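Chain by chain, the residues run as shown.
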Amino acid sequence: MKKIEFPKSPKRAAFGRIAFVLQGGGALGAYQGGVFQAMAEQGFTPDWIAGTSIGAINGAIIAGNAAGDRIARLKKFWEIISETDFWRVSQTAAAAQSARSFWSIAQSMVMGRPGFFAPRWCNPSMALPVGSAETASFYDTKPLRTTLQRLVDFDLLNEGSIRLSVGVVNILTGSLRYFDSKADRLAPDHILASGALPPGFPAVRIENELYWDGGIYSNTPLEVVLDDVPRVNTLCLMLSLFNPAGSEPKTIAEAEKRHKDIMYATRMQEHVREYRRVHNLRRALRSLYALLPESVKDNPEIRALGEQGCETTMHIVELIYPARQWESSYSDADFSRAAIQERWSLGHRDASFVLEKCPWLNPVPSHTGVAVHTIMPSADAGEVKDLAFR
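Everything numeric here is computed off the predicted structure, so don't read it as measured data.

Colleague: What is the right way to look at unusual backbone geometry in this model?
Modeller: The phi angle of most residues is negative, glycine excepted, and most peptide bonds adopt the trans form. Looking along the chain, the bond that leaves Pro-198 and enters Pro-199 is cis, with omega of -5°. Looking at the secondary structure, you find Pro-199 in the loop between α7 (188–194) and β7 (204–206). Cis rather than trans, the peptide bond between Val-229 and Pro-230 has omega equal to 0°. Along the chain, Pro-230 falls in the loop between α8 (223–226) and β9 (234–240). Residue Glu-207 is not a glycine yet carries a positive backbone phi of 50°.

Colleague: How should a nonpolar patch on the surface be read in this particular structure?
Modeller: A cluster of nonpolar residues, Met-109, Val-110, Met-111, Trp-121 and Tyr-330, forms a patch on the protein surface that exposes about 560 Å² of accessible area. Look at Met-111 and you get exposed, because its relative accessible area is 54%.

Colleague: How do you make sense of the pattern of salt bridges when you look at a structure like this?
Modeller: Between side chains of opposite charge, pairing is possible as soon as their charged atoms come close. This model, assessed by the stated rule, comprises 20 salt bridges. Residue Asp-332 is joined to Lys-260 by a salt bridge in which the shortest nitrogen-to-oxygen separation is 3.0 Å. Here Lys-260 lies in helix α9 (residues 252–291) and Asp-332 lies in the loop between β10 (314–320) and α12 (337–357), a separation of 72 residues in the sequence. Residue Arg-349 is joined to Asp-350 by a salt bridge in which the shortest nitrogen-to-oxygen separation is 2.7 Å. Accessibility classification places Arg-349 together with Asp-350 in one group, the buried group.

Colleague: Can you help me understand the side chain of Thr-147 in this one?
Modeller: By the element assignment, Thr-147 lies in helix α5 (residues 142–151). Residues in contact with Thr-147, not counting those within four places in the same chain, are Phe-77, Ile-80 and Gly-115.

Colleague: What is the right way to read the packing of helix α1 (residues 30–41) against helix α3 (residues 70–81) from this model?
Modeller: Two numbers describe a pair of packed helices, the interaxial angle and the distance between the axes. For the pair α1 and α3, the least separation of the axes is 10 Å and the interaxial angle reads 165°. The orientation of α1 relative to α3 falls into the category roughly antiparallel. As for how α1 packs across α3, the hand of that crossing is left-handed. Within the contact between the two elements, α1 uses Ala-30, Gly-33, Phe-36, Gln-37 and Ala-40 and α3 uses Arg-70, Ile-71, Leu-74, Lys-75 and Trp-78. When the residues that make up the contact of α1 with α3 are grouped by side-chain class, the tally is 6 nonpolar, 2 polar and 2 charged.

Each value, and the rule that gives it
- For every chain, the first residue of the written sequence is number 1, and numbering continues from 1 onward in sequence order.
- Given that this is a predicted model, residues contribute local features only at a pLDDT of at least 70 and side-chain atom pairs are listed and counted only at 80 or more, while totals for whole chains, interfaces and linings are drawn from all residues.
- Water and hydrogen atoms play no part in the side-chain values, which are based on all heavy atoms of the structure.
- In DSSP terms, a helix is any run of H or I states spanning at least four residues, a strand is any run of E spanning at least two, and both are numbered starting from the N terminus.
- Each patch is built from residues lacking any salt bridge and having more than 30% relative accessible area; the joining distance is 9 Å for like charges and 5 Å for nonpolar side chains (Val, Leu, Ile, Met, Phe, Trp, Tyr).
- Only the protein chains shown count as cover for residues, and the accessible areas themselves come from Shrake-Rupley with a 1.4 Å probe.
- A pair is scored as a salt bridge if a Lys or Arg side-chain nitrogen falls within 4 Å of a carboxyl oxygen belonging to Asp or Glu.
- Each residue is assigned to one of three classes by its accessible area relative to the maximum for its type, calculated with a 1.4 Å probe on protein chains only: buried under 20%, partly exposed between the two thresholds, exposed over 50%.
- We call two residues contacting when some pair of their heavy atoms lies within 4.5 Å.
- Every axis in this analysis is a line fitted to C-alpha atoms, fitted for helices over the stretch in contact. Angles between the N-to-C directions lie between 0 and 180 degrees.
- In this scheme, roughly parallel covers angles under 35 degrees and roughly antiparallel covers those over 145, while 65 to 115 is roughly perpendicular and the rest are oblique.
- Helix crossings get a hand from a simple test, with the near helix turned counterclockwise from the far one by less than a right angle marking a left-handed crossing and a clockwise turn marking a right-handed one.
- Side-chain classes follow a simple rule in which Ala, Val, Leu, Ile, Met, Phe, Trp, Tyr, Cys and Pro form the nonpolar group, Asp, Glu, Lys and Arg form the charged group, and the remainder, Gly included, forms the polar group.

Written as structure tokens, this is what we have:
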């Protein structure tokens, strides 16, 4: 297969780095693949990927492959774990699409997904032994380990040009941790741990510590990018697979979906608000320090305070997955080929739109340390609303 080479866009020249933040969300993660394809095509390949769960898997495939192979390997992963549709209903009524989705979800829950996870009940060798933390789950994820070893070059992941951070939760302490290719030697276990969502998937033991999916604590691994030092001007593309805003639910099914959206989306908003407040204070502190006479700046205590300031700016571009009318609270288990392809196409559409607009090139007030640009796409596959700046 001929390698594909993409140029680097001059529109990213103002930034010391491009960060790509990927949530967990199961089958909804195909949207991330489409976004990355658009980024690569327009010269916005990230320098750093922070991922949780399916975001960690997508991130590992991107970071663990040469530039010309990344899109093909991502597509191969989603082809392996998706299923050929029993019937094609991608452009039919929502009721038919909902029925197709329900069938796919049921298949995933009962039979698992090839190359991803397998139910323990159908394999005596994977029965549930008593007292084993690594097997206290409904499914086994050994198939995913094999898929990762097939599609990811872990030497390149650890030594290549893209930094990868994956979020996990320590089961005993309840604390969030990021394994980072900048400081750690990442292996398949680290990716499996980031996607070990209980009780479906088993815990993973790394250096005698047990870990679960980082999404239990924080499904949007934004804080690892926000807190990184030394600080540099950063363009951060953050993908939200669950919409924090929504309408009043009128059925139990709608209530379940709204509950899941809120549960997995709101912590991200807290991170952004807090970081914006602190970073803007750093900018103000730096400006005040610059106004002081040199005699005052020489005071060690004043100098130490001045060093807490900074002049960097972070632009966070948030793309929110446009959930379709037929999707339910369990659509993250809908691995039907039609749903996967549609989510990929929507991601490519939305990212192409925002990368063409480049809202981060517009001037912002001098005191602004963090600017957030949110794209609110329509669920209509052919429509994207304009950007909202906040």
